[in-house]
Amino acid sequence: MTLITLVYGSSSSVREQAIASQFESDSTTVVIAEGIAGANTALQALEKQEQLQVFRIAPGCPCCSGNLTMRVTLNRILRKPPQRLYLSLASAAHLSQIRNFLQEGQYQTLLSLSDELNCDTSTPEKKPG
């Protein structure tokens, strides 16, 4: 089962730094990041070392306008399920809908939600998933 962490708030670079700080090199890890990467992010360095895969989806809410994109990306990733999956979101506006989406019947045996990372604080805080 893949452990999934929702990472939200602040800027994309802060979210990516928070993910990089949680990274464990001994587990297969994938990140689905909303939006375009900045220059020289923490995840890009890990990705170059082939320790991590990053999939970028268009900006926009993955449960609303990006639902199909999110579903297709997630389904492709889960063909070879990683041990860890991070979903980086620009906003916490629809967290409950995204949690519900990730707990749908087709994902219940594949995904386990972990604590969330809130990057809107000065140091990313974990919130129970």
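Residues numbered from 1 in each chain as written. Predicted model: local features only at pLDDT ≥ 70, side-chain atom pairs only at ≥ 80, totals over all residues. Heavy atoms only, no water.

**Student:** I keep staring at the nonpolar core and nothing clicks. Help me out?
**Tutor:** For soluble globular proteins, the rule of thumb is that nonpolar side chains tend to be buried together. The biggest cluster of nonpolar side chains holds 19 residues, and the ones touching the most others in it are I32, L74, L85, L87, L102 and L111. With four residues, the top contributor of residues to this core is helix 4 (residues 95-102). What L85 contacts, discounting residues up to four positions off in sequence, is T2, L3, I4, T5, V30, V31, I32, L74, I77 and L111. Judged by nonpolar contacts, the second largest core, of 14 residues, contains V31, L46, L52 and L117. (Core = buried A, V, L, I, M, F, W, Y, C linked by side-chain atoms within 4.5 Å. Buried < 20%, exposed > 50% of the residue type's maximum accessible area, 1.4 Å probe, protein only. Helix = DSSP H or I, 4+ residues; strand = E, 2+ residues; numbered from the N terminus. Contact = heavy atoms within 4.5 Å.)

**Student:** When you look at helix 1 (residues 12-22) in this model, what are you seeing that I'm missing?
**Tutor:** Among the residues of helix 1, those classed as buried are R15, E16, A18, I19 and A20. Buried residues in helix 1 make contact with strand 1 (2-8), strand 2 (29-34), helix 2 (42-48), strand 3 (53-57), strand 4 (84-89) and strand 6 (116-118).

**Student:** Explain the packing of aromatic side chains here, please?
**Tutor:** Two aromatic rings are characterised by how far apart their centres lie and by the angle between their planes. All chains considered together, the criterion is met by one aromatic pair. Ring centres of F101 and Y107 lie 5.6 Å apart, and the angle between their planes is 55°; on these two criteria the pair is classed as tilted. Taking relative accessible area as the criterion, Y107 reaches 1% and is therefore assigned buried. (Phe/Tyr/Trp six-rings, centres within 6.5 Å; stacked < 30°, edge-to-face > 60°.)

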